[in-house]
Amino acid sequence: MPPQRTRTSTSTRTVSIAAPADTVYRLLADAERWPLLLPDPVHVERIDFDGTRERLRTWDLTPGGHIRSHHLQRTLDPRTRTITHTRQDTTRPGTPTTGTWAVHPDGDSRTRLTLHQQHPTEPHPETGPGPEAGTDSLLARLTRLAEDHPHLDELLLSFHDTVHLDGPAEVVYDFLHHIRHWPDRTPHIDLAHVTEDTPGIQLATLETTGPDGLPTTTRTVRLCFPAATRIVFKELTTPAPIAAHTGEWSLTPHATGTTVTCAQQILLHHPNPTHPHTPAELARTRHHLRTRLGRTTTDTLRLATWRARTAVRRLH
């Protein structure tokens, strides 16, 4: 019996953006920053890149609240400002979405951006409509990002904290992985509700108490890679003034213990045009967030250190 053919359809969307074409192209080309700049991507890993062709693995949040993973192959041509892509859902072999981004200058300060796609028409049985469903919202988000690009650098904050622990990486990773137990182990987390329908993909709702004593609820996606002793995370709901928050825990074993690094990236909310931040206000906000999040990270790692040492003593 011949295999059933998947129905496909084509779509073309074009938007006009009040930003230079090079700015728009760079935002599209820099896929590894998508999780911080766009709402749906959770994590992007570059597998291979030769300067023109690249292979990516992406994890995206669907409208139904599921995480869908894709293999993405792209060919980048900065001269013509075009990017062609083939996106393959890892759970639906043989039903790729193909397409082309075309970035055309429209004068010195405007751009005409076109996305042409061919995609399967059948909805995914678990996660709903295919990748074409959010095209309009994606284009709207890209438009705003490009038009806000002159302010983007001042709204981005990237930092990392590193701690050397006396204990095996496996024990430290176990502590970081079992976030559902953190309310009993970390003082700043009051409640954790965690679902892990797919092994290694956690959706966590955390209720915390901040330094000011006020309660905060956040939703976080965590991708756990035990073989590589890495945990990648993205907050889906963030308290002001944070617009987006991503990060990664990575563990490196060595002869005397484990080195743990928590790298974090923050995107601040764009200031109100009628009440923009002064440079001093923005500097204070950045310093406050860096200090608060860094302190929370190091406090968590101190607790991981204590548990690792306790585990080692029990083994001996």
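A few points on the structure. (Residues numbered from 1 in each chain as written. Predicted model: local features only at pLDDT ≥ 70, side-chain atom pairs only at ≥ 80, totals over all residues. Heavy atoms only, no water.)

### Remarks on the pattern of salt bridges
Next up, step 1: Counted by the stated rule, this structure contains 13 salt bridges.
Next up, step 2: In this structure, the salt-bridge partner of Asp136 is Arg13, at a minimum N-O distance of 2.9 Å. Of the two residues, Asp136 is situated in helix α3 (residues 135–147) and Arg13 in strand β1 (residues 8–17); the sequence distance between them amounts to 123 residues.
Next up, step 3: Judged by relative accessible area, which is 31%, Arg13 ranks as partly exposed.
Next up, step 4: In this structure, the salt-bridge partner of Glu248 is Arg230, at a minimum N-O distance of 2.7 Å. Of the two residues, Glu248 is situated in strand β13 (residues 242–254) and Arg230 in strand β12 (residues 230–235); the sequence distance between them amounts to 18 residues.
Next up, step 5: The class of Arg230 is buried, set by a relative accessible area of 19%.
Next up, step 6: By sharing partners, the salt bridges in this structure join Glu45, Arg230 and Glu248 into a single network. (Salt bridge = Lys/Arg side-chain N within 4 Å of Asp/Glu carboxyl O. Helix = DSSP H or I, 4+ residues; strand = E, 2+ residues; numbered from the N terminus. Buried < 20%, exposed > 50% of the residue type's maximum accessible area, 1.4 Å probe, protein only.)

### Describing the nonpolar core
Next up, step 1: Val24, Leu28, Trp101, Leu113, Ile266 and Leu267 are the most contacted members of the largest nonpolar core, which has 39 residues in total.
Next up, step 2: It is helix α1 (residues 21–29) that provides the largest number of residues to this core, a total of six residues.
Next up, step 3: The residues contacting Leu28, other than those within four sequence positions of it, are Trp34, Arg74, Ile83, Trp101, Val103, Leu113 and Leu142.
Next up, step 4: Judged by nonpolar contacts, the second largest core, of 23 residues, contains Leu176, Ile179, Leu301 and Ala304. (Core = buried A, V, L, I, M, F, W, Y, C linked by side-chain atoms within 4.5 Å. Contact = heavy atoms within 4.5 Å.)

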